[in-house]
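A look at the structure
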Amino acid sequence: MDPVTFFDVCCHAFSRAADKLPAEDLWLQIASRVIRLRFAGHGLRTFIEPCFSHLRLTSGSVPEFTIMIWDYEETGEAVPPRPRRPEAEGVLGRVADFGAPRFTKVDHDKTPARFTYWESETQVWMFDRERCVAFFWVRSVRQLAYWDRIHPLRRLIDVWANIQGLQMVHAGAASISRGGVLIVGPGGSGKSTTVLAMLSSGGYATGDDYVLVSGGWQPVTYSVFGSMRLYKDHRARFPFLMPHPDDATLDDNGLAKLTSYVSMHRPGVMVARLSVSAIVMPRPAPGRRTRVQREGGGRALFALAPNTLKQFDPQNASAFARMAALCRALPCWSIELGDDLHNLPSIIDEIIPQVGAG
Amino acid sequence: MTACRWIIRPTGVAHQTIDGESVIIDMQQGAYYRLEGAAASLWEQLATGATAEQLSSFLAARFLAERPTLDSQVIEFLDALDKFNLIVGNAPGSASSDLAFEASGDPLPVGAEAKAAFLGLDIHRFTDLQELIWLDPVHEVDDTGWPSMVRGPPKD
């Protein structure tokens, strides 16, 4: 079975699922493009819809990207095993007959693959770049990993966004009065804390962990998720942003992390689009005062690129180049997050070189 | 080592140098590297190719250090980059080995007092991307395909 036939067989499986449990559409606008999520069954929608509530369109028109979403447990419809030819199985997860490495981006090669395919024990997804149609299937909603509940469809959206000239980055973006900043750094560095501090001072954000970024002389971030994964300490410091946790999980170190659908609790604080005029790299500095220091773009690239590649595609040289262009274009600053977090928004506001709020 | 003309491996190595700091990613192996200061300056020279002697002279013109110290550190630096498979060497006499060396980057400082302190040629190496590339779920299914998982230890 060739990839085209395989994809069509999977689409038929969704159609059968939708016959049993009528499909419900959720229309979104991400990066000014219309996206349609088609659900067969309610289980997955329960987790996915709240994460996109701030980007919801009340009615749909012609979608620029459609994702069919269903699970086996609720619908009884599975995707078939991917046809396998041992000679097509290359190194580093490359599957020749599907034309792509496991984490494929379409611009890896001069002749981009039509399909991007992902499989694990509990889920399968596949993207057809020719038709801008994808499916996302899981065995059971109960097996949905915490990262898929908080930032669902993340890799799939990134693959589609690459075609649009956008790059998903592991970063937050927020603004105060003078404009926006891209907030970069590994997990635990203070990206969410910085975003929440700015929101609590009347600011806006497009995300605290993942945003889409366009290039150019005035980079723009686009929101994808209105959900945040936070520590208990965040709730204590910023209670108005999270009146109650919407979900709770443990992080890799066994610490409790809370999911908050911030865009539902505080409508309006999560915006669809935000221009950014600087890059900031927070790091915790307990017991000290909050302060900033100018840094080179290479330092920002080191804070941004490996973490992003790790989460999306460790072998995507084009994504690396796009992030480097971003770090060249914008002034970069490190921020020590001290005990006086209330001063953080005004400190950030002072380093923004020009008005650029989107 | 000393007579070879060294150049950044033309395929599989993505690298960017911004404001005196280089970030290098080995796309095939998944390791990534950070170079600062003199090390980042040398990396920029390796983009167009250079011999150890040319690199040592490049440093001697810009940094305060004894030439024998620079010579030995450049050799160690190239040796490490070669071991990490980030550079390739062209033997003396080959066409590419005879290309003229033209230093890139900041202009040459004037006078010894304008030279910068030489703080070594450290290579910071990280392998957490490597672990992700080597952890390959596609290859954890058995020969009948998904969703039949391999039982026992994963394949190499």
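Residues numbered from 1 in each chain as written. Chains lettered and ligands numbered in written order. Predicted model: local features only at pLDDT ≥ 70, side-chain atom pairs only at ≥ 80, totals over all residues. Heavy atoms only, no water.

Here the focus is the overall build of chain A. The secondary structure content of chain A amounts to 11 helices and 17 strands. Residue burial in chain A is summarised as follows: out of 358 residues, 61% are buried. Summarising the internal contacts of chain A: among those between residues at least 6 apart in sequence, 70% fall at separations of at least 24. Of the roughly 13500 Å² of accessible surface on chain A, 52% is carried by carbon and sulfur atoms. (Helix = DSSP H or I, 4+ residues; strand = E, 2+ residues; numbered from the N terminus. Buried < 20%, exposed > 50% of the residue type's maximum accessible area, 1.4 Å probe, protein only. Contact = heavy atoms within 4.5 Å. Areas by Shrake-Rupley, 256 points an atom, 1.4 Å probe, with all protein chains shown as cover.)

The next thing to look at is the packing of aromatic side chains. The description of an aromatic ring pair rests on the distance of the ring centres and on the angle between the ring planes. Residue and element names in this part refer to chain A. Tallying each qualifying case throughout the model produces 16 aromatic pairs over all chains. When the ring of Phe65 is compared with that of Phe127, the centres are 5.5 Å apart and the planes differ by 90°; the resulting orientation is edge-to-face. Taken as a pair, Phe65 in strand E3 (residues 65-71) and Phe127 in strand E5 (residues 123-128) lie far apart in primary sequence, 62 residues in all. With respect to burial, Phe65 and Phe127 carry one shared label: buried. (Phe/Tyr/Trp six-rings, centres within 6.5 Å; stacked < 30°, edge-to-face > 60°.)

Our next topic: the sheet that holds strand E7 (residues 87-90) of chain B. Residues and elements named next belong to chain B. Pairing within the open sheet is antiparallel, and its three strands lie in the order E5-E1-E7. Whereas interior strands pair on both sides, the edge strands pair on one side only; in this sheet they are strand E5 (50-51) and E7. Note: strand E1 (residues 5-8) against E5, two bridges, orientation antiparallel. Within E5, the residue paired with Arg5 across the bridge is Thr51. Those strands touched by helix H1 (residues 37-46) are E1, E5 and E7, and its axis lies near 95° from that of E1. (Pairing = 2+ DSSP bridges. Axes fitted to C-alpha atoms, helices over the stretch in contact; angles between N-to-C directions.)

Attention now goes to the packing of helix H6 (residues 191-200) of chain A against helix H11 (residues 344-351) of chain A. Residue and element names in this part refer to chain A. Closest axis-to-axis distance for the H6/H11 pair is 8 Å, and the angle between their directions is 95°. With respect to H11, the axis of H6 lies roughly perpendicular. Here Thr194, Ala197 and Met198 of H6 come into contact with H11, specifically with Leu344, Pro345 and Ile348. (Parallel < 35°, antiparallel > 145°, perpendicular 65-115°, else oblique.)

Before going further, it helps to spend a moment on the sheet that holds strand E1 (residues 24-30) of chain A. Residue and element names in this part refer to chain A. Spatial ordering of the open sheet is given by E1-E2-E3-E6-E5-E4, a layout of six strands whose pairing is mixed. Lying at the two open borders of the sheet, with one neighbouring strand each, are E1 and strand E4 (115-119). Sheet twist, expressed as the mean angle between neighbouring strand axes with direction ignored, is 15°. Where E5 lies against strand E6 (residues 133-138), six bridges are found, and the strand directions are antiparallel. By the bridge assignment, Gln123 is partnered in E6 with Val138. Packed on one face of the sheet, helix H1 (residues 3-20) meets strand E2 (33-40), E3, E4, E5 and E6 and runs near 65° to E3.

Bringing the packing of helix H2 (residues 52-60) of chain B against helix H3 (residues 67-83) of chain B into the picture now. Residues and elements named next belong to chain B. The geometry of H2 relative to H3 is characterised by a closest axis approach of 9 Å and an angle of 130° between their N-to-C directions. Taken as axis vectors, H2 and H3 run oblique relative to one another. Both H2 and H3 take part in a crossing whose hand is right-handed. Contacts from Ala52, Glu53, Leu55, Ser56, Ser57, Leu59 and Ala60 of H2 reach H3 at Arg67, Leu70, Asp71, Val74, Ile75 and Leu78. In terms of residue class, the contact of H2 with H3 is built from eight nonpolar, two polar and three charged. (Left-handed = near helix turned anticlockwise from the far one by under 90°. Nonpolar A, V, L, I, M, F, W, Y, C, P; charged D, E, K, R; others polar.)

Bringing the layout of surface pockets into the picture now. Residue and element names in this part refer to chain B. Of the pockets and cavities examined, the second largest pocket occupies roughly 350 Å³. In terms of lining residues, the second largest pocket is bounded by 19 residues, among which Gly37, Ser41, Arg62, Phe63 and Asp106 are the most central. Ranked by the residues each element gives to the lining of the second largest pocket, the list is headed by H1, at six residues. Of the residues in the lining of the second largest pocket, the class split is eight nonpolar, seven polar and four charged. (1 Å grid on protein atoms, 1.4 Å probe; cavity = no way out; pocket = protein on both sides within 12 Å on 5 of 7 lines; lining within 4 Å. Points joined across faces, edges and corners; volume = space filled by probe spheres on them.)

All names here are of chain A. Most of helix H5 (residues 154-163) sits inside the fold, with eight of its 10 residues counted as buried. Among all positions of H5, only Arg154, Leu156, Ile157, Asp158, Val159, Trp160, Ala161 and Asn162 are buried. Just downstream of H5 lies Gly165, where phi reads positive at about 80°.

As a rule of thumb, non-glycine residues mostly have phi less than zero, and peptide bonds are mostly trans rather than cis. At Ser32(A), a position not held by glycine, the phi torsion is positive, near 65°. Note on placement: Ser32(A) falls in the loop between E1 and E2. Residues other than glycine seldom take positive phi values, yet Asn85(B) does so here, at roughly 65°. For Asn85(B), the location among the structural elements is in the loop between H3 and E7.

Turning our eyes to something else, we now look at the side chain of His54(A). Residues and elements named next belong to chain A. For His54, the position within the fold is in the loop between helix H2 (43-48) and E3. In terms of polar contacts, His54 uses its side chain to reach the side chain of Ser223, at 2.7 Å. Beyond its immediate stretch of four places on either side in the chain, His54 contacts Ser223, Val224, Phe225, Gly226, Ser263 and Met270. (Polar contact = N/O pair within 3.5 Å; in protein donor to acceptor, adjacent residues only side chain to side chain.)

In this section: H1(B). Because an α-helix completes one turn every 3.6 residues, residues spaced three or four positions apart along the sequence face the same direction. Of all 10 residues in H1(B), eight are buried, a share of seventy percent or more. All buried positions along H1(B) are accounted for by Ala38(B), Ala39(B), Ala40(B), Ser41(B), Leu42(B), Trp43(B), Gln45(B) and Leu46(B).

All names here are of chain A. Of the residues in chain A, 87% have a pLDDT of 70 or more, and the chain-wide mean is 85. Per-residue pLDDT stays below 50 along residues 90-94; that stretch engages in 16 contacts with residues further than four places along the chain or on separate chains. Confidence drops under pLDDT 50 across residues 99-110; counting only partners more than four residues distant or on other chains, this segment forms 42 contacts. (pLDDT = per-residue confidence, 0-100.)

Turning our attention to the pattern of salt bridges. All names here are of chain A. Following the criterion strictly, the structure yields 21 salt bridges over all chains and no others. One salt bridge connects Glu49 with Arg56, and the closest N-O pair in it is separated by 2.4 Å. One network of salt bridges, with partners in common, ties together Glu24, Arg45, Glu49 and Arg56. (Salt bridge = Lys/Arg side-chain N within 4 Å of Asp/Glu carboxyl O.)

This part is about the nonpolar core. Membership of the largest hydrophobic core comes to 40 residues, with the highest contact counts inside it found for Ile30(A), Leu37(A) and Phe52(A). Contacts of Ile30(A), omitting those with residues within four sequence positions, involve Ile35(A), Phe52(A), Leu55(A), Ile157(A), Trp160(A), Leu212(A), Ser223(A) and Val224(A). Counting residues in hydrophobic clusters, the runner-up holds 34 residues, among them Val211(A), Ala324(A), Val23(B) and Leu129(B). (Core = buried A, V, L, I, M, F, W, Y, C linked by side-chain atoms within 4.5 Å.)

Moving on, we come to the side chain of Gln123(A). Residue and element names in this part refer to chain A. Here Gln123 is to be found in strand E5. Among the residues examined, Gln123 registers a relative accessible area of 8% and is labelled buried. At 2.8 Å, the side chain of Gln123 and the side chain of Asp148 are in polar contact.

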